[in-house]
Amino acid sequence: MLHLPLLRHGKPYESVDKIEILHHATGEPFASVSQANAGLIARDVHRWDTDVLERFSVAQLIGICKRAAEIFLHGSVPVGDQSQSFEDYIVQLSATTGMPYSYCRGNAGKIHRVLAEMDVILAGLTRGFDLSILDRGYGSDDGRTLSWFREARTFGAVLPSNSPGVHSLWIPAIALKTPIVLKPGREEPWTPLRVIESLAAAGIPREAFGFYPTDHGGASTLLQAVDRAMLFGDASTTRAWAKDPRVELHGPGYSKVILGDDAADDWEPYVDLMVSSIAANGGRSCINASAVWTPRNADQIAGVLARKLATVKALPAAHPDAQIAAFANPQMPQRINAMIDGLLPGAIDLTLQRRGSPRLVSVGRCTYLLPTIVRCDLAHPLANREFLFPFASVIECPTARIPEAIGPTLVATVITREQQFARALMAAPNIDRLNVGPIETWKLSWDQPHEGNLFEHLYRQRAFQTI
């Protein structure tokens, strides 16, 4: 059985404590993964060579990222004591997460793009100043003296298992000269490990990387030990770190498609956009829409969305038409299903009516949650909820109330030609990323950060003068 070691300052390390991760379809052990304890993580972080990437210019690191992009998508890299091709990676990723092959390939494409377009990403994060300023520590930008220093000597990330595309968010730290300390998701060690090995093969010193599969206690220690960090998790996970400015939180998105008064009467052309926003990538991402808000015609909109999404079937991961993921842990969909059913009174599950069969489906050992469209009012407990499958509520609300009533929203796509309504949403502090026009919620512009700015998280500007 394949074994995945820790990477301690880039060096593989097999620990005594290991866990087995299972194949989602067979239940058989698929790989063993070495586990790091909290003490080992703390010791390693405090002994880090935090200047290991300072020998490179940012331009050189960008070039290395571009080479790593091709290795990631086309090359073979070492994983444990074996060589992993890109096809091996897709099979392994799907095996332990239940994600369809097509979903795995699509997310790999996102990671490739971020590595290949690192210059564009950094230009967006830094607002386009001359990146050689980061090499010298100061410089002139359009006649102004700028000085930045790296406040984060180490950068850590506690990563999820639900969506490989999120790994694109921490990768720019390497191009910004910051060593990384990663805790992978339990079922998804494959993507961060492949990214690390691709970067190392392209020329990044292995000493810049730490890879520490661990438990909750180890994850907490990692967040405490590093200078800056990124944490992915549900509301209960991120809540404990909400007041720590060192930790950038990536929790539930509560993303939405919003129709203005004009679009509410002409909504049919946008049905496919709504369906895609809800269901793309298996509906597992924080940038998937979990609600559609409209001032009118909510019943009709919900009915059409339910009719389209009720056709989605539970298919094996390798099936070319697979659109939803099986859950690696079958207890999780059972809990989610029970939660939705418990909160449902007062709302209508229109997909259940259309499909005529339950939301929770088991095929062999695989357990799925089929897409769900709920029609409810804005005060209902399901009006602003997010789950790890294609789920959305449809809410009817006057446009004057929408900017405040929608609550925290990672991505809002507003479809309207009414400038007053668009301006009201532009002024709403509860929206992190705003799309004005028919743009799917998941369609991001990678040079515009949508949930925190990694550069500003790692670096601090200071006043500077010299003669």
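Above this note sits the structure.
1. Comments concerning the packing of helix α3 (residues 86–97) against helix α8 (residues 190–202)
Working note: a packed helix pair is described by the angle between its axes plus the distance between those axes.
At step 1: Axis separation between α3 and α8 bottoms out at 10 Å; the angle between their running directions is 155°. Viewed along their axes, α3 and α8 adopt a mutual orientation that is roughly antiparallel. The residues of α8 that touch α3, namely those facing Phe-86, Tyr-89, Gln-92, Leu-93 and Thr-96, are Trp-190, Thr-191 and Arg-194.
At step 2: In terms of residue class, the contact of α3 with α8 is built from four nonpolar, three polar and one charged.

2. Some words on the nonpolar core
At step 1: In terms of nonpolar packing, the biggest core is built from 76 residues, with Met-118, Leu-122, Leu-134, Trp-170, Trp-190, Leu-199 and Ile-204 touching the most fellow members.
At step 2: The element best represented in this core is helix α2 (residues 58–74), accounting for eight residues.
At step 3: When neighbours within four sequence positions are excluded, Met-118 is seen to be in contact with Ile-62, Cys-65, Ile-171, Pro-172 and Ala-175.
At step 4: Counting residues in each nonpolar core, the second largest holds 32 residues, with Val-257, Ile-278, Leu-305 and Tyr-368 among its members.

3. Looking at unusual backbone geometry
At step 1: Although it is not a glycine, Arg-127 sits at a positive phi angle of roughly 60°.
At step 2: Secondary-structure assignment places Arg-127 in the loop between α5 (118–126) and α6 (132–136).
At step 3: Positive phi outside glycine occurs at Tyr-254, with the angle close to 50°.
At step 4: Mapped onto the secondary structure, Tyr-254 falls in the loop between β14 (247–250) and β15 (255–259).

4. Describing helix α9 (residues 216–225)
At step 1: Buried residues of α9: Gly-218, Ala-219, Thr-221, Leu-222, Leu-223 and Ala-225, and no others.
At step 2: On its buried face, α9 is in contact with α1 (38–46), β10 (155–158), β11 (180–183), β13 (228–232) and β14.
At step 3: Where α9 starts, the residue carrying a side-chain oxygen 3.2 Å from the main-chain nitrogen of Gly-217 turns out to be Asp-215.

5. Section: the sheet that holds strand β16 (residues 289–294)
Backbone-to-backbone hydrogen bonds pair the strands of a sheet. The strands run either parallel or antiparallel.
At step 1: Here we have seven strands laid out as an open sheet, ordered β17-β20-β21-β16-β15-β22-β23, and mixed in their pairing. Since the sheet does not close on itself, it has two edges, and those belong to β17 (348–349) and β23 (431–436), each with one partner.
At step 2: Where β16 meets strand β21 (residues 391–396), four bridges bridge the pair, whose relative direction is parallel. Note on β21: the bridge partner recorded for Val-292 is Val-394.

6. What about the environment of Ala-347?
At step 1: Within the fold, Ala-347 resides in the loop between α14 (331–343) and β17.
At step 2: In sequence terms Ala-347 and Trp-241 are 106 residues apart; their C-alpha atoms lie 33 Å from each other.
At step 3: If sequence neighbours within four positions are ignored, Ala-347 has contacts with Val-374, Arg-375, Cys-376 and His-380.

7. So, the pairing of β13
Both faces of the sheet carry side chains from a regular strand, because those side chains alternate between them.
At step 1: Of all five residues in β13, five are buried; the element is thus mostly enclosed.
At step 2: Burial of the side chains of β13 extends over both faces: Arg-228, Met-230 and Phe-232 are buried on one face and Ala-229 and Leu-231 on the other.
At step 3: Across four bridges, β10 lies against β13 in parallel orientation. Counted as the bridge partner of Phe-155 is Arg-228 from β13.
At step 4: Bridge count for β13 against β14 is four bridges, and the pairing is parallel. Bridging from a neighbouring strand, Phe-232 pairs with His-250 of β14.

8. A word on the pattern of salt bridges
At step 1: Inspection of the entire model under this criterion finds 24 salt bridges.
At step 2: Here Glu-54 makes a salt bridge to Arg-150, at a shortest N to O gap of 3.0 Å. A residue pair is termed long-range when its members are at least 10 positions apart, and Glu-54 in the loop between α1 and α2 and Arg-150 in strand β9 (residues 144–150) qualify at 96 residues.
At step 3: Here Glu-117 ties to Arg-113 by a salt bridge, and the two come within 3.4 Å at their closest N and O atoms.
At step 4: On the accessibility criterion, Arg-113 (36% relative accessible area) is partly exposed.
At step 5: Beyond isolated ion pairs, a larger network of salt bridges with shared partners links Asp-51, Glu-54, Asp-135, Arg-150, Arg-153 and Lys-177.

9. Structural notes on helix α13 (residues 298–309)
At step 1: An ideal rise of 1.5 Å per residue puts 16 Å on 12 residues; α13 measures up with 16 Å between its terminal C-alpha atoms.
At step 2: For α13, the full list of buried residues reads Ala-298, Ile-301, Ala-302, Val-304, Leu-305, Ala-306 and Leu-309.
At step 3: On its buried side, α13 packs onto β15, α12 (271–279), β16, α15 (350–355), β20 (372–375) and β21.

10. Structural notes on the packing of α2 against α5
At step 1: Running from amino to carboxyl end, α2 crosses α5 at an angle of 135°, the nearest separation of the two axes being 9 Å. Judged on the interaxial angle alone, α5 and α2 are oblique. Of α5, the residues touching α2 (which contributes Val-58, Ile-62, Cys-65 and Lys-66) are Met-118, Asp-119 and Leu-122.

11. Topic: the sheet that holds strand β24 (residues 459–461)
At step 1: In space, the three strands of this open sheet follow the order β8-β9-β24, with antiparallel pairing throughout. Two strands in the sheet have a free side with no partner beyond their single neighbour: β8 (138–141) and β24. Sheet twist, expressed as the mean angle between neighbouring strand axes with direction ignored, is 35°.
At step 2: Relative to β9, β8 runs antiparallel, the two sharing four bridges. The partner of Ser-140 across the bridge, within β9, is Thr-145.

Quick notes on the rules
Residues numbered from 1 in each chain as written. Predicted model: local features only at pLDDT ≥ 70, side-chain atom pairs only at ≥ 80, totals over all residues. Heavy atoms only, no water. Axes fitted to C-alpha atoms, helices over the stretch in contact; angles between N-to-C directions. Helix = DSSP H or I, 4+ residues; strand = E, 2+ residues; numbered from the N terminus. Parallel < 35°, antiparallel > 145°, perpendicular 65-115°, else oblique. Contact = heavy atoms within 4.5 Å. Nonpolar A, V, L, I, M, F, W, Y, C, P; charged D, E, K, R; others polar. Core = buried A, V, L, I, M, F, W, Y, C linked by side-chain atoms within 4.5 Å. Buried < 20%, exposed > 50% of the residue type's maximum accessible area, 1.4 Å probe, protein only. Polar contact = N/O pair within 3.5 Å; in protein donor to acceptor, adjacent residues only side chain to side chain. Pairing = 2+ DSSP bridges. Salt bridge = Lys/Arg side-chain N within 4 Å of Asp/Glu carboxyl O. Expected span 1.5 Å × (residues − 1).

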